[in-house]
Amino acid sequence: MDEDRQKPGSHHPHIESLVETEVEQWARYAMRVPRTSFFLAICVIGALLTALSLTLHILPWWTVVGVTGILIIPLIASVLRKHHVWTRRMALTTITVLTTGLLISVFYLVVALFHHTESALSLFRDAILLWTTNVLIFAVWYWEVDQGGR
């Protein structure tokens, strides 16, 4: 009976092997996380942010898309080199830039709404574009945090 009792500082080899197996499975899955949908969503988000009215941008309209394009290059390189830590970091940075662009555009949409600087049709069109962009950005954030369904 004393053999069944473990000292408080002792390790359970069975639990350690289970944890090691789980970590190995997670690492193998992380190598297979598909990025095609991610890149497609990023391109669609960039196109939607570009299609907004010029009054909804803090900088020139191409700034957010340009910075995102610049960030995608090392992201693609890290995917091709199978450097998963950098891939994750670059993906999160890219999503953060897009989210910042979205938030700035939403702020300017609200300002334009109260100051009547745009027509109602233009504001409605921009609101639909921002809503769609918001849905896509949320989906990309969720997918990246969830590691592609893992």
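For the structure, see preceding data.
Values in this document were obtained by computation on a predicted structure and should not be read as measured data.

(A) Here's a closer look at the packing of aromatic side chains. Applying the stated criterion across every chain yields a total of four aromatic pairs. Consider the rings of Phe-138 and Tyr-142, whose centres lie 6.2 Å apart with planes at 25°: the pair is stacked. Of the two residues, Phe-138 and Tyr-142 both sit in helix H5 (residues 120–145), four residues apart, roughly one turn of that helix. Classification of Phe-138 by relative accessible area gives exposed; the value is 57%. Of the residues examined, Tyr-142 reaches a relative accessible area of 54% and is grouped as exposed.

(B) How the structure looks around the nonpolar core. Residues Phe-38, Leu-130 and Val-140 are the most contacted members of the largest nonpolar core, which totals 24 residues. Secondary structure elements with two or more residues in this core: helix H2 (36–50), helix H3 (63–80), helix H4 (84–115) and H5. Sequence-distant contacts of Leu-130, that is, excluding residues within four places in its chain, are made with Leu-49, Leu-52, Leu-56, Leu-102, Ser-105, Val-106 and Leu-109.

(C) The pattern of salt bridges, seen in detail. Taken as a whole and judged by the stated rule, the model has two salt bridges. Across the salt bridge formed by Glu-144 and Arg-88, the nearest N and O atoms sit 3.3 Å from each other. Separated by 56 residues along the polypeptide, Glu-144 in helix H5 and Arg-88 in helix H4 bring together distant segments of the chain. As a salt-bridge pair, Arg-125 and Asp-126 come within 2.7 Å of each other at their nearest N and O atoms.

(D) Examining the environment of Thr-117 more closely. Along the chain, Thr-117 turns up in the loop between H4 and H5. Along the primary structure Thr-117 and Thr-55 are separated by 62 residues, whereas in three dimensions their C-alpha atoms are 8.5 Å apart.

(E) Up close: the side chain of Ser-78. Looking at the secondary structure, you find Ser-78 in helix H3. Under the relative-accessibility criterion, Ser-78 is labelled buried at 7%. In this view, Ser-78 contacts His-83, Trp-86 and Thr-87; residues no more than four positions away in its chain are not counted.

Cut-off values and rules
Residues numbered from 1 in each chain as written. Predicted model: local features only at pLDDT ≥ 70, side-chain atom pairs only at ≥ 80, totals over all residues. Heavy atoms only, no water. Phe/Tyr/Trp six-rings, centres within 6.5 Å; stacked < 30°, edge-to-face > 60°. Helix = DSSP H or I, 4+ residues; strand = E, 2+ residues; numbered from the N terminus. Buried < 20%, exposed > 50% of the residue type's maximum accessible area, 1.4 Å probe, protein only. Core = buried A, V, L, I, M, F, W, Y, C linked by side-chain atoms within 4.5 Å. Contact = heavy atoms within 4.5 Å. Salt bridge = Lys/Arg side-chain N within 4 Å of Asp/Glu carboxyl O.

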